[in-house]
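Listed below, chain by chain, are the residues.
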Amino acid sequence: MKKMNIEKMSDFFDKRAPGYDKHRELHITTYPELYITMAEKIPFSNKKMHVLDLGCGTGLELKWLFEKLPNSTFTCMDISANMLEVLTQNYSEKNKKITLVQSSYLDAEFGKDTYDYVVTVMSFHHLMYDKKLALYKKIRQALKPDGMFIEADYIVAGKDVEIDCLEYFTRVKHETGIENSYDYHIDIPLCKETQLDLYYAAGFREVTEFYNKDDAVGYLCSNT
Ligand SMILES: C[S@@+](CC[C@H](N)C(=O)[O-])C[C@H]1O[C@@H](n2cnc3c(N)ncnc32)[C@H](O)[C@@H]1O
């Protein structure tokens, strides 16, 4: 049997961090449009707001978020030390406004009623239903009552494709013998229907789609 080559999540992104920004620019069709569209949904504010960015990587989304929220503070969480290192270089002039946290968002505490915005771009498509649901609940608790969760991520066309991805995920887990698959880089994007079910199951009251192109979608989720 051919041995599957699965990389640990942090190793995967640590290796790719130096060329990550260039790769997005050259090969990702939704860049920068998706990021710009996402930022357009955020009303400009001079207030000091608190933003949590989960799976921030090199901070691509921050460029546009800073334009809308110039006096806000950003807590940027990522599992890859090298991605955070590139973020530090990219935003050296804004470092007083950025707190870096090198951690898995699955393990970290986010607090309660703390953030005006929780943002995540292209990061949660490695999570199975149960882990994603628990994470959405944690995000909801971390938001202020009028706060907003913004997620953009990869999506698959329908339930049948989603099931194929999940079967692949189960097979990889079985064949490689990895104990905690969440630490590994395996893509398991969900379909729109499942995504929406999870947001509502987590308790978000209002969910609005703000982007849908190629294999990417964006959602705004609020508690009110
Ligand atoms: C495709 S990159 C997206 C980075 C950035 N948000 C962007 O849009 O360019 C996914 C990021 O999520 C991070 N990531 C994946 N799983 C994670 C986890 N469990 N906890 C924290 N970060 C994670 C990776 O290290 C990587 O930097």
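Scoring rules and cut-offs
Once a new chain begins, its residue numbering starts again from 1 and follows that chain's sequence as written. Only residues with pLDDT of at least 70 are given local features in this predicted model, and only at 80 or more are side-chain atom pairs given and counted; all residues enter the totals for whole chains, interfaces and linings. Here the side-chain values reflect all heavy atoms present in the structure, with hydrogen atoms and water set aside. Definition of nearness: a residue and a molecule or strand are near each other if at least one heavy atom of the residue lies within 4 Å of the molecule or strand. Definition of a polar contact: a pair of N or O atoms within 3.5 Å, with one able to donate and the other able to accept a hydrogen when the atoms are protein atoms, and with sequence-neighbouring residues admitted only if both atoms are side-chain atoms. Areas reported here follow the Shrake-Rupley algorithm with a probe of radius 1.4 Å; residue values treat only the protein chains shown as occluding. Definitions used for this entry: grid spacing 1 Å over protein atoms alone; cavity, a set of points where a 1.4 Å probe fits but cannot get out; pocket, an open set with protein on both sides within 12 Å along at least 5 of 7 lines; lining residue, one with an atom within 4 Å of a point. Here the criterion for a molecule occupying a pocket or cavity is that more than half of its atoms lie within 2 Å of the pocket grid points. In this classification, Asp, Glu, Lys and Arg are treated as charged, Ala, Val, Leu, Ile, Met, Phe, Trp, Tyr, Cys and Pro as nonpolar, and every other residue, Gly included, as polar. The helix count covers DSSP runs of H or I at least four residues long, the strand count covers runs of E at least two residues long, and both are numbered beginning at the N terminus. Here the term buried applies to any residue with accessible area under 20% of the maximum for its type, exposed to any over 50%, and partly exposed to those in between, with areas from a 1.4 Å probe on protein chains only. Here, any two strands with at least 2 DSSP bridges between them count as paired. A fitted line through C-alpha atoms represents every axis, and for helices the fit uses only the stretch in contact; the resulting angles, taken between N-to-C directions, go from 0 to 180 degrees. It only takes one pair of heavy atoms within 4.5 Å for two residues to be counted as in contact.

Chemist: Just to check I follow, could you spell out the site of the ligand for this structure?
Modeler: Close to the ligand lie 19 residues; Tyr20, Tyr35, Gly55, Asp78 and Ser123 are nearest. Here a nitrogen atom of the ligand and a backbone polar atom of Gly55 are 2.9 Å apart. Between the ligand and Asp78 there is a distance of 2.6 Å, counted from an oxygen atom to a side-chain nitrogen or oxygen. When the ligand is considered free in solution it has 600 Å² of accessible area, and contact with the protein chains removes 98% of it. The pocket occupied by the ligand, as judged from atoms lying within 2 Å of grid points, is the largest pocket. Considering only residue class, the shell around the ligand consists of eleven nonpolar, six polar and two charged.

Chemist: Please explain the environment of Asn95 as it appears in this structure.
Modeler: Positionally, Asn95 belongs in the loop between helix H5 (81-90) and strand S3 (98-102). For Asn95, a relative accessible area of 46% gives the class partly exposed. For the pair Asn95 and Thr73, spaced 22 residues apart in sequence, the C-alpha separation works out to 9.8 Å. Among the polar contacts made by the side chain of Asn95, one reaches the main-chain carbonyl oxygen of Ser92 at a distance of 3.4 Å.

Chemist: Sorry, what's going on with the sheet that holds strand S2 (residues 73-78) here?
Modeler: One open sheet accounts for seven strands, arranged S3-S2-S1-S4-S5-S7-S6; its pairing is mixed. In this open sheet, the two edge strands, each paired with only one partner strand, are S3 and strand S6 (206-213). Taken over all neighbouring pairs, the strand axes of this sheet differ in orientation by 15 degrees on average, direction set aside. Here strand S1 (residues 50-54) runs beside S2; their pairing, made up of five bridges, is parallel. Within S2, the residue paired with Asp53 across the bridge is Cys76. Sheet contacts for helix H6 (residues 129-142): S1, strand S4 (115-121) and strand S5 (143-154); angle to S5, the most-contacted strand, approximately 145 degrees.

In short, shape yes, function no, at least from these values alone.
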